[in-house]
Amino acid sequence: MIALTRRQLLALGLTGAGAVAVGGAGLWWTNTGGAGFTTGADLAEPQALSSSGGRLDVALEAAPTRLRVGGRTANAWTFNGTLPGPTLRLRPGDTLGVTLRNGLRDATNLHVHGLHVSPQGNGDNPFVRIGPGETFGYRYAIPEGHPPGTYWYHPHHHGMAAEQVAAGLYGAIVIEDPGTVPVSRDRVLVVSDLALDATGNLAAVSPPERMMGREGALVLVNGQVVPQASAAPGERERWRLVNACPSRFLRLRLDGQQVRLLARDGRRLRVPEEITEVDLAPGNRADLIVEARTGNAVLRTLPVDRGGMDGMMGHMEDGRSGTTEPLDLMSFNVAGPPVQAMLPIPEGIGLRDLRYETLAARRTLTFAMGMAGMMGGGMGAFTINGREFDPDRLDETVRSGSVEEWTLVNSSPMDHPIHLHVWPMQVVQDASRNLSEPTWQDVVIVPAFGQVKVLIAFDGFSGRTVFHCHILDHEDLGMMGTIEAR
Ligand code: C2O
Ligand code: CU
Ligand code: CU
């Protein structure tokens, strides 16, 4: 039977003397009006909207929404009324048009995370501001050679990003690679967390939670509480996992089946690698190949220690981040007559290796958390090279088409997952070791008091965009910088 942790129950107001677990059906009851809270529903997938004839035009509305989460009524904010919003499926070379209406009480905007598209004008421009009640038309021209894979969209208005993503505003984007990976089933699995109070409303967030990076106690897959998926022995599935949590680090594990890593952040590995666990920082994606064997398995996320503020806030009781126990996310039941083995997965095409290219520049970015202002109960400063975000200041200028080496240094006691828009990073040095097989990522964890080195090719587009910590509270608190490719 699938158990919820005490923290999850607390979040739902389901603890206390009257909270009783009813086994078997995985049904939870409270003593407050008999409102049930259910797990084990069949996995649902967000509605897919697919391009045709080279175009996909969608209308999205960000608005408060009353919906069902785990069988209970919740008030969240969604795109088009569902959690997650629709999955946008496109092909390289397509044009995506999004008409976004802001039905929220604060300003918002949209970012297509990981897509290699122009940051200018009404493209993937994080400086766009869409006021309450306003509508804005985005147009993203996806290049012919765009890497197929799993991406996502979410609001990015500075100061509001964490709150809006935490409230339910996100959806997946798939750039198709027709027929190249033979699978029985292709699933989009958006993992998110949600913090609800006992009445099902979005819970308030305290200043220390924002400094730590908020984590909703309820961890959802496609907006569901521990849904179940099933397959026949021998079937091969592609799982497109998105970590849409504003701050939570995921360490995913599925015991009992064969799991291989096919791609990370939309970049295929040459040969899928057999793994037992995969780490996803906020914003990261992983495409997994799951070969169904037999029996009932559970997709879990294990606790990740992403640092804390122990040394900085002596008075804080819970100065550490992250969950302390594994959480069940989804059950995967393999039963029935076995199916025929599938064709092997062809090798991915070799990706560009920037280690053999000429560097135009090296730069060092230092991510820091300051003490200033914290003692009075205010927020600490979250800075990059000593400065907080200022949309009107240009922090880094790079030459369009050049390759650079960036050293990302973390002088703080918390991990920061660092993200750059438009251009992915080739991670060549992790925690001071050179990687023999460098990985392409668009969010890379820079560990507490550690550093990583990445290579970046500023190809394809010029224009101004941002890089930031993808613990979205940190971004909102200032850990973001501007960059222009000219
Ligand atoms: Cu997923 Cu700048 O963000
Ligand atoms: Cu992004
Ligand atoms: Cu951070």
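Now for a look at the structure at hand. (Residues numbered from 1 in each chain as written. Chains lettered and ligands numbered in written order. Predicted model: local features only at pLDDT ≥ 70, side-chain atom pairs only at ≥ 80, totals over all residues. Heavy atoms only, no water.)

As a further point, take the nonpolar core. Grouped together as the largest cluster of nonpolar side chains are 34 residues, with contacts concentrated most on Trp406, Leu408, Leu420, Val454, Ile456 and Phe458. Counting contributing residues, this core receives three or more from each of domain 2 (185-334) and domain 3 (354-485). Sequence-distant contacts of isoleucine 456, that is, excluding residues within four places in its chain, are made with Leu354, Ser402, Val403, Glu404, Trp406, Leu420, Trp423, Pro424 and Met425. Counting residues in hydrophobic clusters, the runner-up holds 29 residues, among them Val259, Leu261, Leu280 and Ala292. (Core = buried A, V, L, I, M, F, W, Y, C linked by side-chain atoms within 4.5 Å. Buried < 20%, exposed > 50% of the residue type's maximum accessible area, 1.4 Å probe, protein only. Domains from an automatic or database assignment. Contact = heavy atoms within 4.5 Å.)

Applying the stated criterion across every chain, the model contains seven aromatic pairs. Seen in terms of ring centroids, tryptophan 239 and phenylalanine 332 are 5.1 Å apart; in terms of plane orientation they differ by 85 degrees. Their pairing is edge-to-face. Of this pair, tryptophan 239 sits in strand S16 (residues 236-243) while phenylalanine 332 sits in strand S23 (residues 327-334), and the two are 93 residues apart along the sequence. Look at phenylalanine 332 and you get buried, because its relative accessible area is 0%. Aromatic ring contacts, followed pair by pair, group Trp406, Trp423, Phe458 and Phe467 into a single cluster. Its guanidinium or amino end placed over the ring of phenylalanine 127, arginine 464 lies 4.3 Å from that ring's centre, counting from NZ or CZ. (Phe/Tyr/Trp six-rings, centres within 6.5 Å; stacked < 30°, edge-to-face > 60°. Helix = DSSP H or I, 4+ residues; strand = E, 2+ residues; numbered from the N terminus. Lys NZ or Arg CZ within 6 Å of the ring centre and 35° of its normal.)

This part takes up the coordination of the copper ion (ligand 2). At the metal site, the copper ion (ligand 2) is ligated by His111 (NE2) and His419 (NE2), and these contacts range over 1.9 Å. Taken together, the positions of histidine 111 in strand S9 (residues 111-113) and histidine 419 in strand S28 (residues 416-420) put the pair 308 residues apart, joining distant regions of the chain. With relative accessibility at 0%, the residue histidine 419 sits in the buried group. (Donors = N, O, S within 2.8 Å, 3.2 Å for Na, K, Ca; no water.)

Taken as a whole, the largest pocket encloses approximately 1,100 Å³ of empty space. The wall of the largest pocket is formed by 41 residues, among which Arg264, Glu437, Pro438, Thr439 and Gln441 lie closest to the centre. Broken down by secondary-structure element, the contributors of at least two residues to the lining of the largest pocket are strand S17 (250-254), strand S18 (258-264), strand S19 (267-274), strand S20 (277-280), strand S29 (425-430), strand S30 (433-441) and strand S31 (443-446). No other element matches S30, which puts seven residues into the lining of the largest pocket. Each of two domains, domain 2 (185-334) and domain 3 (354-485), supplies a minimum of three residues to the lining of the largest pocket. (1 Å grid on protein atoms, 1.4 Å probe; cavity = no way out; pocket = protein on both sides within 12 Å on 5 of 7 lines; lining within 4 Å. Points joined across faces, edges and corners; volume = space filled by probe spheres on them.)

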